[in-house]
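Below are the chains, spelled out letter by letter.
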Amino acid sequence: MLKIKQQINTIMNSYLRSGAKNSRRDDIKKLHSFAEFLFLTKHGVTRVENISRRHIYEFYEHLAGQNLTNSTIEKYSRVIKIFWLHSGRKGAPPRPTFL
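Residues numbered from 1 in each chain as written. Predicted model: local features only at pLDDT ≥ 70, side-chain atom pairs only at ≥ 80, totals over all residues. Heavy atoms only, no water.

### Here we look at the environment of Gly-44
Link 1 in the chain: Among the structural elements, Gly-44 can be located in the loop between α3 (21-41) and α4 (53-65).
Link 2 in the chain: On the accessibility criterion, Gly-44 (61% relative accessible area) is exposed.
Link 3 in the chain: Through-space distance from the C-alpha of Gly-44 to that of Tyr-60 is 19 Å; in sequence the pair is 16 residues apart. (Helix = DSSP H or I, 4+ residues; strand = E, 2+ residues; numbered from the N terminus. Buried < 20%, exposed > 50% of the residue type's maximum accessible area, 1.4 Å probe, protein only.)

### What to know about the side chain of Asp-27
Link 1 in the chain: With respect to the helices, strands and loops of the structure, Asp-27 is situated in helix α3.
Link 2 in the chain: Taking relative accessible area as the criterion, Asp-27 reaches 3% and is therefore assigned buried.
Link 3 in the chain: Every residue in contact with Asp-27, bar those within four places of it in the chain, is listed here: Tyr-15, Arg-78 and Val-79. (Contact = heavy atoms within 4.5 Å.)

### A closer look at the environment of Arg-17
Link 1 in the chain: Mapped onto the fold, Arg-17 is located in the loop between α2 (13-16) and α3.
Link 2 in the chain: A C-alpha to C-alpha distance of 27 Å links Arg-17 and Ser-52, two positions 35 residues apart in sequence.

### What to know about helix α5 (residues 70-86)
Link 1 in the chain: Spanning 17 residues, α5 covers 24 Å between terminal C-alpha atoms, matching the ideal 24 Å at 1.5 Å per step.
Link 2 in the chain: Listed in full, the buried residues belonging to α5 are Ile-73, Tyr-76, Ser-77, Val-79, Ile-80, Ile-82, Phe-83 and Trp-84.
Link 3 in the chain: In this structure, the buried side of α5 is in contact with α1 (2-11), α2, α3 and α4.
Link 4 in the chain: Looking one or two residues beyond α5, the residue adopting positive phi is Gly-88, at roughly 80°. (Expected span 1.5 Å × (residues − 1).)

### Points about the confidence of the model for the protein chain
Low-pLDDT stretches of the model should not have their predicted coordinates read in fine detail.
Link 1 in the chain: Averaged over every residue, the pLDDT of the protein chain is 92; the share at 70 or more is 98%.
Link 2 in the chain: Mean pLDDT values over the elements of the protein chain span from 90, in α2, up to 96, in α5. (pLDDT = per-residue confidence, 0-100.)

### A look at unusual backbone geometry
Link 1 in the chain: Despite not being glycine, Asn-67 has its phi angle at roughly 60°, a positive value.
Link 2 in the chain: Along the chain, Asn-67 turns up in the loop between α4 and α5.

Right under this line is the structure:
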């Protein structure tokens, strides 16, 4: 898990350095919780390159299963979208289907 968190920090460094610092730090924490979810449930995902759209859908389902509000899940979705763009992935990341 340490490797994927380091990759997240490296990719999001320019994002973290601009804008409201506390908000950006909270966004990075959201991405780290996504990485922890992958580490605990998807043993083949050890690098950012291994993250697929299916993993993101499953993370949204996991958040919904924790009875989080739709606005909270939307915040996670926004951060994942920013991460997706900063990591150079093509297309748009999946959105929660239940919002």
